[in-house]
Amino acid sequence: MIARIRYGWLVCLAGLAAALWLGRAPLLGAAGDWLACGAPLQRVDYLLVMPGDQTTRPFAAAALARHGLADTVVIPRNAASPAVEDGIAPPTHEIIRRVLELRGVAAERIVVLDHHRTNSSWDDLRALADFLGDHPDSTAAVVTNDYHVRRTRWTARRVLGRASDVVVFGVPTDGFGPNDWWRYRGGVQMYLSEYCKLLVYWIRYGDPVLWTALAAAVIVIILVIQRKRAGGAVRGSLFFVLCSL
């Protein structure tokens, strides 16, 4: 009897694994779409550029500003990295500012939040909250990569307390998107990293019980589906996640 029960469980698990493998594209695409929940474009007074991907976010912010969708572009000032302190690399906010100016945004339309030194998305949005405290009647938006929108929006609601006023625009990521990220090593790293960071934010800043269980389940499902297709990429992505949290 016990052997039959075990055999039945093995058959069920094998069937579940097969179903997940065969249906991996819709499931993984839905997981990507869930993160990429950006708002429709609209005009705002201030547009915050989230640091993190200088190859896309500043260029998208410049395009929005040039087309009249933002009066002023706001840049957080990251804490200096060792490379910046040693003079090897320029500060992130200077890179963003330079891109904006080269793409046609006038210097007087750019504001660097010098009163803060930020190390995370939470810090970036706290700096924006303090800035908007001096501009209570203004409207604001945040621009970031599509996979980063869910966590940014959740954090904005926690930090700013004015979710109806602050929206998050998601811009495409070079090389992969919500509907094909699992086909590329960089996509696997970015999306798994983002789910893990979202889990950390839920635990650290929010109500951990329900959200922790949900995020953990999603991560497990993604890892199971990806194991056969990109084992090396998944192992590399886990190392990437642990190093970046």
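So, here is what we can say about the structure in this document. Per chain, residues are indexed from 1 in the order of the written sequence. This being a predicted model, a pLDDT of at least 70 is required before a residue's local features are given, and a value of 80 or more before pairs of side-chain atoms are given or counted; all residues contribute to the totals for chains, interfaces and linings. As a rule here, side-chain values come from all non-hydrogen atoms in the structure, and water together with hydrogens is ignored.

What is meant by a nonpolar core is a set of buried Ala, Val, Leu, Ile, Met, Phe, Trp, Tyr and Cys residues, joined one to another through side-chain atoms within 4.5 Å. Categorising residues by exposure relies on relative accessible area from a 1.4 Å probe, with only protein chains included: less than 20% of the type maximum marks a residue as buried, more than 50% marks it as exposed, and the intermediate range marks it as partly exposed. Counting residues in each nonpolar core, the largest one holds 39 residues, and the members touching the most others are Leu48, Leu125, Leu128, Leu132 and Val142. For this core, the leading source of residues is helix α8 (residues 185-205), giving 9 residues. Discounting chain neighbours no more than four positions away, the residues touching Leu128 are Leu48, Leu113, Val142 and Leu160. Judged by nonpolar contacts, the second largest core, of 21 residues, contains Val73, Ile75, Ile110 and Val143. The way it works is that DSSP assigns letters per residue, a run of H or I at least four long becomes a helix, a run of E at least two long becomes a strand, and they are numbered from the N terminus. Two residues form a contact once any of their heavy atoms are found within 4.5 Å.

Note on placement: Ala79 falls in the loop between β2 (70-78) and α4 (82-85). Among the residues examined, Ala79 registers a relative accessible area of 28% and is labelled partly exposed. When the C-alpha atoms of Ala79 and Asn119 are compared, they prove to be 6.1 Å apart, with 40 residues separating the residues in sequence. Contact partners of Ala79, with chain neighbours within four places excluded, come to Arg117, Thr118 and Asn119.

Turning our eyes to something else, we now look at the pattern of salt bridges. A carboxyl oxygen of Asp or Glu within 4 Å of a side-chain nitrogen of Lys or Arg is what we treat as a salt bridge. Considering all chains together, one arrives at 5 salt bridges under this definition. The residue Arg43 makes a salt bridge to Asp71 at a minimum N-O spacing of 2.3 Å. Pair noted here: Arg43 is in the loop between α2 (24-35) and β1 (44-49) and Asp71 is in strand β2, with a separation of 28 residues, a long-range link. Taking the relative accessible area as the measure of exposure, Arg43 reaches 46% and is therefore partly exposed. Taking the shortest distance from any N to any O, the salt bridge between Arg97 and Glu94 comes out at 3.6 Å. Within this pair, Arg97 and its partner Glu94 are both found in helix α5 (residues 92-102), separated by 3 residues, close to a single helical turn.

A few words on the side chain of Thr155. Tracing the sequence through the fold places Thr155 in helix α7 (residues 149-160). For Thr155, a relative accessible area of 0% gives the class buried. In this structure Thr155 touches Ser121, Trp122, Leu125, Leu160 and Tyr201, once residues within four positions along its chain are discounted.

Before going further, it helps to examine α7. To estimate the expected span of a helix, count its residues, drop one, and scale the result by 1.5 Å. For α7, spanning 12 residues, the distance from its first C-alpha to its last is 15 Å, which sits close to the expected 16 Å at 1.5 Å a residue. Of all 12 residues that make up α7, 9 are buried, and the element is covered over most of its length. Of all the residues in α7, the buried ones are Val149, Arg150, Arg151, Thr152, Trp154, Thr155, Ala156, Val159 and Leu160.

Along a regular strand, successive side chains alternate from one face of the sheet to the other. Of all 6 residues that make up strand β4 (residues 140-145), 6 are buried, and the element is covered over most of its length. The pairing criterion is simple: DSSP has to find at least two bridges between the two strands. Inspection of the sheet shows β1 paired to β4 by 4 bridges, in the parallel sense. Note on β4: the bridge partner recorded for Leu47 is Ala141. Sheet analysis places β4 next to strand β5 (residues 166-171), joined by 6 bridges and oriented parallel.

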